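# Architecture and fold: a report
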Amino acid sequence: MNLAEGVQIVSFGILAAAVLISALGVVLLKNVVYSAFLLGGSFISMAGLYFLLNADFVAAAQVLVYVGAINVLILFAIMLVNKQEEYVVVKGAGVRQVATALVCLGLFALLGTMVVSTPWAISSVAPAGDGSIVTIGIHFFTDFLLPFELVSVLLLIALVGAIVLARREFVPENLSPSGEDEALMLPERPREMVSSRDDK
Amino acid sequence: MNPGIDLQGTFIESLQGFGIPAGAAKAIWMPLPMLIVLVGSTVAVLIAVWMERKVSAAAQQRIGPEYIGPLGILAPLADGLKLVFKEDIIPAKADKWLFTFGPMIVVIPVFLSFLIVPFGENLLISDVGMGVFLWIALSSVVPIGLLMSGYASNNKYSLLGGLRATAQSLAYEIPLALAVMAIAMMSNSLSTVDIVQHQSGYGLLGWNVWRQPVGFIIFFIAALAECERTPFDLPEAEEELVAGYQTEYSGMKFALFYLGSYVNLTLSALLVSILYLGGWEAPIPVGLISSTFNISDATPWLQVVTGAIGIVMTLLKTYALVFFIVLIRWTIPRVRIDQLLNLGWKFLLPVALANLLATAGLKLTFPAFFGG
């Protein structure tokens, strides 16, 4: 075993542990902000695993898209939520948690057996390494053109949907007593005017 | 391609001469470039801080630091020492863990990005194929650290600063990436070495600024916004937010933010000079001069001189840009948050897209000029 192999094995161990621990933290921690930050840690460790597999474009894209965009947006959403609500413990939470754990373990066992029992067609071609971005690009524009374009349409739909949801042109000055304006407003705390505290 | 000076090979061979096995010699070599870059970027920060103080003083008709070393050169060092000896305070109701991790997450990606910065053809840590893309990916991690420290401080100004930093970097990352994409399209590669080599040969005239003037301006504005420099320093707008996400920080943790922001500044200036101003290339190509005097490229002293000129040129361009950025900070007022986001999403993004489209069209029409 030479230096490179040793480094690879050690870093694989560290990264795998980091992925598992941070993913468990995402699920098990009560504080949703911790979960969101740990999700980012999990994504970064995954990117490290991709680097070990010589897929450097996939790794960098993983960091850019999942950590830099999706995780940041999740955090942003958590911190912008303007809803004050007491945390109520659900009845029978213990039973629910045990049931969830059982279902998850079953799913894990199913996937595990699938991974072990499937005869994977492992390619014997040397990894593309630094040229992987060229290979991926060629595939995108030849044999995977249709899925690639469909994904872009999907993203466009999501974009339009987000704008429709976020755009509120109707902000009533005075709420009508019958409450018919409520349907047009987002469930949010009513805004208090800045001056309202002084003029009692 | 000219192999140039192979420092790594020579170093390993000389160690093997002392009877050290090849693997161990390589293991001794590996941390050296990283260490040099770490120290070098820290020194670069000291210079940038000194420049900031001197230029701001000149802009306000003051003298600035004067007594700490000749021309006040040691002032940034004194700053650093002062911060080291300050008490490290964690506010009572702050989130201890996130408060500590925040500054680290801000600083680490910035230093990691130096991996791809070349000071010469073979003078960089690693010529990664991803190159600039890696830098974009790494710089997108920074807002998480800012948000983390803003949230953990348990202070509304900090949280607002963190949120602003995130919104800003999300908005400006896209035009930045699109401007880089136009460059990558012209040089057929994302690797920083290839990008500089694509600009070499014609000296000043070959630089990408002339082929990508719009891209240059977009990249420069977006890089300013990514470093949170005036006119885009809203996350720490002192009149509104005290100091933004750094309000509650003191001692070394504050120093990390300070260091991170100045490293980011020099890094952005370095990347502007690599992508648009020809990197290590001199305005008059060294190869042209040496060939007029009939000196072979393989001459050892010429290679040393070329390497030295490369480093000097890169740093010269970088600090010229840093000087310009500092000058902007002390002359231009800050924009409002809505102006900032409007500029990013409604102006820079469409212009960057149009620039990309135009580059693609020009590349197809004039392959000789725009890289075939």
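The coordinates are above.
The rules behind these values
- Residues numbered from 1 in each chain as written.
- Chains lettered and ligands numbered in written order.
- Predicted model: local features only at pLDDT ≥ 70, side-chain atom pairs only at ≥ 80, totals over all residues.
- Heavy atoms only, no water.
- Patch = residues over 30% accessible without salt bridge, like charges linked within 9 Å, V, L, I, M, F, W, Y side chains within 5 Å.
- Areas by Shrake-Rupley, 256 points an atom, 1.4 Å probe, with all protein chains shown as cover.
- Salt bridge = Lys/Arg side-chain N within 4 Å of Asp/Glu carboxyl O.
- Helix = DSSP H or I, 4+ residues; strand = E, 2+ residues; numbered from the N terminus.
- Contact = heavy atoms within 4.5 Å.
- Buried area = accessible area lost by both parts, 1.4 Å probe.
- Nonpolar A, V, L, I, M, F, W, Y, C, P; charged D, E, K, R; others polar.
- Core = buried A, V, L, I, M, F, W, Y, C linked by side-chain atoms within 4.5 Å.
- Buried < 20%, exposed > 50% of the residue type's maximum accessible area, 1.4 Å probe, protein only.

On to a nonpolar patch on the surface. There is a patch of nonpolar side chains on the surface, built from Leu 107, Leu 110, Leu 111, Met 114, Val 115, Val 116, Trp 120 and Ile 122 of chain A and spanning about 900 Å² of accessible area. Within the element layout of this structure, Leu 107 of chain A appears in helix α4 (residues 93-117).

Another aspect to go through is the side chain of Ser 139 of chain B. Mapping Ser 139 of chain B onto the fold places it in helix α6 (residues 132-139). When residues no more than four places from it in sequence are discounted, the contact partners of Ser 139 of chain B are Glu 173 and Glu 226 of chain B.

Of the residues lining the interface, 26 residues belong to chain B; the matching set on chain A comes to 24 residues. Here chain B and chain A share an interface that buries about 2100 Å² over both sides, 84% of which is from carbon and sulfur atoms. Together, Met 130, Phe 133 and Ile 144 of chain B form the three largest contributors to the area buried by chain B at its contact with chain A, with a combined 25%. Put simply, chain B and chain A have zero salt bridges between them. Broken down by secondary-structure element, the contributors of at least two residues to the side of chain B that touches chain A are α2 (22-29), α6, α7 (142-152) and α8 (156-187) of chain B. Here the side of chain B that touches chain A gets six residues from one element, more than from any other, and that element is α8 of chain B. Residues belonging to the side of chain B that touches chain A are distributed by class as follows: 19 nonpolar, four polar and three charged.

Turning our attention to the nonpolar core. Soluble globular proteins: nonpolar side chains tend toward being buried together. Ranked by internal contacts, the top residues of the largest apolar core, which has 106 residues, are Phe 37 of chain A together with Trp 135, Tyr 172, Phe 219, Leu 275, Tyr 276 and Val 322 of chain B. The leading source of residues in this core is α8 of chain B, at 13 residues. Not counting residues up to four positions away in its chain, the partners in contact with Val 322 of chain B are Ala 48, Met 51, Leu 265, Thr 266 and Ala 269 of chain B.

Residues and elements named next belong to chain B. Tracing the backbone shows Val 263 in helix α13 (residues 251-275). A relative accessible area of 0% places Val 263 in the buried class. Between the alpha carbons of Val 263 and Val 110 there is a distance of 6.9 Å; along the sequence they are 153 residues apart.

Purely geometric numbers; function is a separate question.
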